[in-house]
Amino acid sequence: MGPSRLASTVCNSSQVRFAGITGDAHAEYLLLAPNGARTAYENITGTGESVRWANKGLVATRTGSPAARVRI
């Protein structure tokens with residue numbers, strides 16, 4: 001897959017993970033940096049709405065592993 005866009009961020013699909021981190025049964029969008037750091041975008045979609053994301057900022061600093069090796 002080629003680059004995709006989330007808000008003002010352009011990224012490669014290999015940098016994207018989806019995981020539930022807020023406990024609300026919605027998957028959040030996690031963007032992995034090359035050094036393994038993760039930025040979270042919370043899924044704030046309401047019933048009957050289009051998907052909406054809220055930038056929650058950096059949720060994990062660099063792991064020392066490349067993004068391709070990070071498992072969530």
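Here is what the cut-offs are and how they apply
- Residues numbered from 1 in each chain as written.
- Predicted model: local features only at pLDDT ≥ 70, side-chain atom pairs only at ≥ 80, totals over all residues.
- Heavy atoms only, no water.
- Helix = DSSP H or I, 4+ residues; strand = E, 2+ residues; numbered from the N terminus.
- Buried < 20%, exposed > 50% of the residue type's maximum accessible area, 1.4 Å probe, protein only.
- Contact = heavy atoms within 4.5 Å.
- Salt bridge = Lys/Arg side-chain N within 4 Å of Asp/Glu carboxyl O.
- Pairing = 2+ DSSP bridges.
- Axes fitted to C-alpha atoms, helices over the stretch in contact; angles between N-to-C directions.

## Some details on the environment of Ile44
Then, in step 1: Within the secondary structure, Ile44 is located in the loop between β5 (38-43) and β6 (53-60).
Then, in step 2: Relative accessible area serves as the criterion here: at 32%, Ile44 is assigned to the partly exposed category.
Then, in step 3: Between the C-alpha atom of Ile44 and that of His26, which follows or precedes it by 18 residues, the distance is 8.3 Å.
Then, in step 4: Aside from chain neighbours lying at most four places away, what touches Ile44 is Glu49, Arg52, Trp53 and Ala54.

## Section: the pattern of salt bridges
Then, in step 1: Per the counting criterion, the structure on display carries 2 salt bridges.
Then, in step 2: Across the pair Glu42 and Lys56 runs a salt bridge whose closest N-O atoms are separated by 3.3 Å. Highlighted residues: Glu42 in strand β5 and Lys56 in strand β6, separated in sequence by 14 residues.
Then, in step 3: A salt bridge links Glu49 to Arg52; its shortest N-O distance comes to 3.3 Å.
Then, in step 4: Since its relative accessible area comes to 41%, Glu49 is described here as partly exposed.
Then, in step 5: Among the residues examined, Arg52 registers a relative accessible area of 40% and is labelled partly exposed.

## Re the sheet that holds β6
Strand pairing in a sheet relies on backbone hydrogen bonds. The paired strands run either parallel or antiparallel.
Then, in step 1: Sheet architecture is open: 4 strands sit in the order β3-β4-β5-β6, paired in antiparallel fashion. Two strands lie at the open edges of the sheet, namely β3 (16-19) and β6, each paired on one side alone. The sheet shows a mean angle of 25° between the axes of neighbouring strands, taken without regard to direction.
Then, in step 2: Inspection of the sheet shows β3 paired to strand β4 (residues 28-32) by 4 bridges, in the antiparallel sense. If you follow Ala19 over to β4, its bridge partner there is Glu28.

The analysis is restricted to geometry; functional conclusions fall outside its scope.
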